[in-house]
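Summary of the model geometry
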Amino acid sequence: MSTKKYILSGEVAAKKLRRMALQVVENNYNESELVLIGIKDNGLVIANKIAAYIKEVFKGKIEVIELTLDKKHPSVIELSNEINFNGKTVILIDDVANSGKTALYALKPLLEQYPRKIQTLVLVSRTHKAFPIEVDYVGLSLSTTLEEHIYVEVVGDEILGAWVE
């Protein structure tokens, strides 16, 4: 028997991702291109899901790229595709926003250019921010203790749910 305290099922997560994708389109309806940056590993899965939902209603170009960094010591940040972000709307995507540290460091390659807009999207956001990061699109906002950790369960390209431990 599973002892995981699930806060999201796969079905509910999918509904939240679809809702957030529609919000992204609504807030960027006049853009001709969106660049979605998924933070490896789970953030990329979520970025691809969001892109699929966006494509259903968005007329512009959508590009998904992967950002890789060590979440504990983010000194080296790599993008799967070096593109020109100048004048583009960029959405930085991850599975969980804890302290805001990962998102803050993930902005580094974007700040070396001049994007038109940078927005953030996470499936689950905690309320313990230690860094000045505000999440624009949140699937589920959750107050937890500092000792608790949130896990998003992904197998392949499917999100099975999220739990607190």
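Predicted model, so just to flag it, every value in this text is computed and none were measured.

This brings us to the pattern of salt bridges. Applying the stated criterion across every chain, the model contains 10 salt bridges. Between Glu-148 and Lys-5 there is a salt bridge, and its shortest N-O distance comes to 3.7 Å. Of this pair, Glu-148 sits in the loop between strand S7 (137-142) and strand S8 (150-155) while Lys-5 sits in strand S1 (residues 5-9), placing them 143 residues apart in sequence. You can call Lys-5 partly exposed: its relative accessible area is 49%. In the salt-bridge network here, residues are joined through shared partners; they are Glu-31, Arg-116 and Lys-117.

Burial analysis of strand S2 (residues 33-39) places seven of its seven residues in the buried class, the great majority of the element. Every second residue of S2 is oriented toward a common face, with Glu-33, Val-35, Ile-37 and Ile-39 on one face and Leu-34, Leu-36 and Gly-38 on the other, all of them buried. Bridge count for S2 against strand S3 (residues 61-69) is seven bridges, and the pairing is parallel. In the sheet register, Ile-37 faces S3, and the bridge partner there is Ile-65. In this region the chain leaves S2, passes through helix H2 (residues 42-55) and returns to the parallel neighbour S3; the handedness of that crossover is right-handed. Pairing of S2 with strand S5 (residues 89-97) involves five bridges; the strand directions are parallel. Along S5, the bridge assignment pairs Leu-36 with Ile-91.

The rules behind each value
Residues numbered from 1 in each chain as written. Predicted model: local features only at pLDDT ≥ 70, side-chain atom pairs only at ≥ 80, totals over all residues. Heavy atoms only, no water. Salt bridge = Lys/Arg side-chain N within 4 Å of Asp/Glu carboxyl O. Helix = DSSP H or I, 4+ residues; strand = E, 2+ residues; numbered from the N terminus. Buried < 20%, exposed > 50% of the residue type's maximum accessible area, 1.4 Å probe, protein only. Pairing = 2+ DSSP bridges. Right-handed = clockwise from strand over helix to strand, strands pointing away.

Nothing here speaks to function; it is geometry throughout.
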